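# Coordinate inspection notes
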Amino acid sequence: MTDRVVIGIDGGGTATRVLVMSESGNELARYEGGPALTDWPGSPVDIEAIETAVERAFEEARLALPAAALCAGLAGVGREEERTAVEAALAERGIAERVQVITDAEAALFDAFEDGPGILLIAGTGSIALGRAEDGRIARTGGWGTLFGDEGSGYEIGSLALRAAAQAADGRGGDTRLLPRLLAELGLRRPEQLIAWAARASKAEIGALAPLVVEVAGEGDDRAAMIVDSAVAALELHVASLLARLGPWDSAPGCALAGGLIAPGGALRARLSSVLGDRGCCVLDRYVDAARGAAGQAMRSSG
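A short tour of the structure in this document, coming up. Predicted, not measured: the structure shown is a model, and the values here were computed from it. (Residues numbered from 1 in each chain as written. Predicted model: local features only at pLDDT ≥ 70, side-chain atom pairs only at ≥ 80, totals over all residues. Heavy atoms only, no water.)

What follows concerns the pattern of salt bridges. Overall, the coordinates contain 22 salt bridges when judged by the stated rule. Note that Glu23 and Arg4 form a salt bridge whose closest N and O atoms lie 3.3 Å from each other. Placement of the pair is Glu23 in the loop between β2 (16–22) and β3 (27–33) and Arg4 in the segment before β1 (5–11), with a sequence separation of 19 residues. Under the relative-accessibility criterion, Glu23 is labelled partly exposed at 27%. For Arg30, the salt bridge identified is with Asp289, shortest N-O distance 2.5 Å. Here Arg30, found in strand β3, pairs with Asp289, found in the loop between β10 (282–283) and α11 (290–302); they are 259 residues apart in sequence, far enough to count as distant. The exposure class of Arg30 is partly exposed, given its relative accessible area of 37%. (Salt bridge = Lys/Arg side-chain N within 4 Å of Asp/Glu carboxyl O. Helix = DSSP H or I, 4+ residues; strand = E, 2+ residues; numbered from the N terminus. Buried < 20%, exposed > 50% of the residue type's maximum accessible area, 1.4 Å probe, protein only.)

In structure tokens, the structure reads:
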């Protein structure tokens with residue numbers, strides 16, 4: 001092979017996705033490993049998990065390390081000192097000649113629009129929006145973490161559903177189908193067992209309850225509908241904030257939706273697309289791939 005090889009990584013609290021690509025743009029291998037963060041957000045990046053995922057991807061591609069360049073798009077590395085520390089740790093592993101660390105949102109924004117204008121909304125376990133204006137200005141909304149942010153995220157929806165179920169069990173919040181449906185989904189027999197389950201559950205596991213909540217809302221459950229309506233409004237507000245901050249727009253801005261809740265096939269995809277369309281956004285109809293965006297950035301740095 002005359003082409004040199006680059007690595008793009010999309011890493012968060014759920015998985016580490018690795019894309020191995022030739023510098024001419026051919027995909028050579030993909031691999032999905034365990035979480036890149038130990039307890040997203042706010043915990044150290046798991047360098048071992050990233051290195052292992054890269055090694056497995058290269059084994060599948062039947063290639064030898066090091067790569068010419070690696071770009072890792074990781075959740076929770078918004079501060080420069082965090083990026084620098086992770087870059088140094090990855091460089092020490094010798095898996096690539098050049099190492100760059102950016103946020104997963106930056107990687108996805110590049111895949112969606114490259115250097116052009118547009119807004120990216122991510123809603124999976126967490127939530128964040130990142131946008132680039134027509135004059136090149138960049139702004140972020142959200143991404144503050146589960147303690148006082150991540151509005152509209154799967155984690156928030158799952159947490160509110162668990163709270164609604166507990167209140168229903170006490171007779172405090174009115175009847176809701178969320179209680180029996182959550183118990184059935186989690187294989188529990190009594191409401192009190194939700195306490196132990198939630199104490200053991202990861203943020204990703206709580207976030208994974210969101211599609212069930214959306215389904216129950218669609219069946220006419222008022223409490224579930226309130227949770228979903230609030231999530232949609234919160235995600236719309238992320239985009240509305242960037243539309244205002246990055247405007248004026250000479251033409252309708254593109255809006256890319258990523259993350260398990262709103263990517264193609266996601267439980268809130270259709271509803272968010274409709275809401276954002278009403279705001280004048282042109283919603284991209286394709287899957288946004290942060291690993292591919294990171295690989296594109298790696299290609300730039302390898303030259």
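Following the sequence through the fold, Thr16 ends up in strand β2. Here Ala36 takes part through its backbone nitrogen, which lies 3.2 Å from a polar atom of the side chain of Thr16. (Polar contact = N/O pair within 3.5 Å; in protein donor to acceptor, adjacent residues only side chain to side chain.)

Turning our attention to the packing of aromatic side chains. This structure, assessed with the given rule, holds one aromatic pair. Between Trp144 and Phe148, the ring centres sit 6.2 Å apart and the planes meet at 40 degrees, which makes this aromatic pair tilted. Its relative accessible area of 52% is what places Trp144 among the exposed residues. Residue class for Phe148 comes out exposed when judged on its relative accessible area of 56%. (Phe/Tyr/Trp six-rings, centres within 6.5 Å; stacked < 30°, edge-to-face > 60°.)

Let us now look at the environment of Ala72. Mapped onto the elements of the fold, Ala72 is located in strand β4 (residues 67–74). Look at Ala72 and you get buried, because its relative accessible area is 0%. The spacing of Ala72 and Asp170 is 98 residues in sequence and 46 Å in space, taken between C-alpha atoms.

A few words now on the sheet that holds strand β8 (residues 138–142). In space, the five strands of this open sheet follow the order β8-β7-β6-β9-β10, with mixed pairing throughout. The open sheet has two edge strands, β8 and β10, and neither has a second partner. Examined bridge by bridge, strand β9 (residues 254–258) and β10 share two bridges and lie parallel to one another. By the bridge assignment for β10, Gly254 is matched with Cys282. Contacting β6 (118–123), β7 (127–132), β8 and β9, helix α9 (residues 222–246) runs over the sheet at an angle of about 155 degrees to β8. Helix α10 (residues 269–278) contacts β6, β9 and β10 of the sheet and is inclined by roughly 165 degrees relative to β9. (Pairing = 2+ DSSP bridges. Contact = heavy atoms within 4.5 Å. Axes fitted to C-alpha atoms, helices over the stretch in contact; angles between N-to-C directions.)

Another aspect to go through is the pairing of β8. Looking at chain direction, β7 and β8 are connected through five bridges and run antiparallel. Across the sheet, Ile128 pairs through a bridge with Gly142, a residue of β8. Taking the residues that link successive antiparallel strands as the turn, the β7-β8 hairpin has five residues, and the phi of Gly136 there is positive, at about 95 degrees.

In protein chemistry, a disulfide is the covalent bond that joins the sulfur atoms of two cysteines. Applying the stated criterion across every chain, the model contains zero disulfides. Considering cysteine sulfurs only, Cys281 is the nearest to Cys255, which forms no disulfide, with 5.0 Å between them. By relative accessible area, Cys255 is classed as buried at 0%. (Disulfide = S-S within 2.5 Å.)

This brings us to the sheet that holds β3. What the five strands build is an open sheet, ordered β3-β2-β1-β4-β5; its pairing is mixed. Each end of this open sheet is capped by a strand with a single partner; those strands are β3 and β5 (96–103). Mean inter-strand twist for the sheet, computed between neighbouring axes without regard to direction, equals 15 degrees. Docked against the sheet, helix α1 (residues 47–61) engages β1, β2, β3 and β4, running at close to 140 degrees with respect to β3. Packing of helix α3 (residues 104–113) onto the sheet brings it into contact with β1, β4 and β5, and relative to β5 it is tilted by some 95 degrees.

Of all hydrophobic cores here, the largest spans 50 residues; its most connected members are Leu178, Ile262, Leu268 and Leu272. For this core, the secondary-structure elements that each account for two or more residues are β6, α4 (154–170), α5 (178–186), α6 (193–200), α8 (210–218), α9, β9 and α10. Examining the composition of this core, we find that 10 residues originate from one element, α9, more than from any other. Aside from chain neighbours lying at most four places away, what touches Leu178 is Ala161, Ala164, Leu212, Val213, Val216, Asp221, Ala224 and Ile227. In terms of nonpolar packing, the next biggest core, distinct from the first, is built from 27 residues, Leu37, Val45, Ile50 and Ala53 among them. (Core = buried A, V, L, I, M, F, W, Y, C linked by side-chain atoms within 4.5 Å.)

Shape descriptors only; they carry no functional weight alone.
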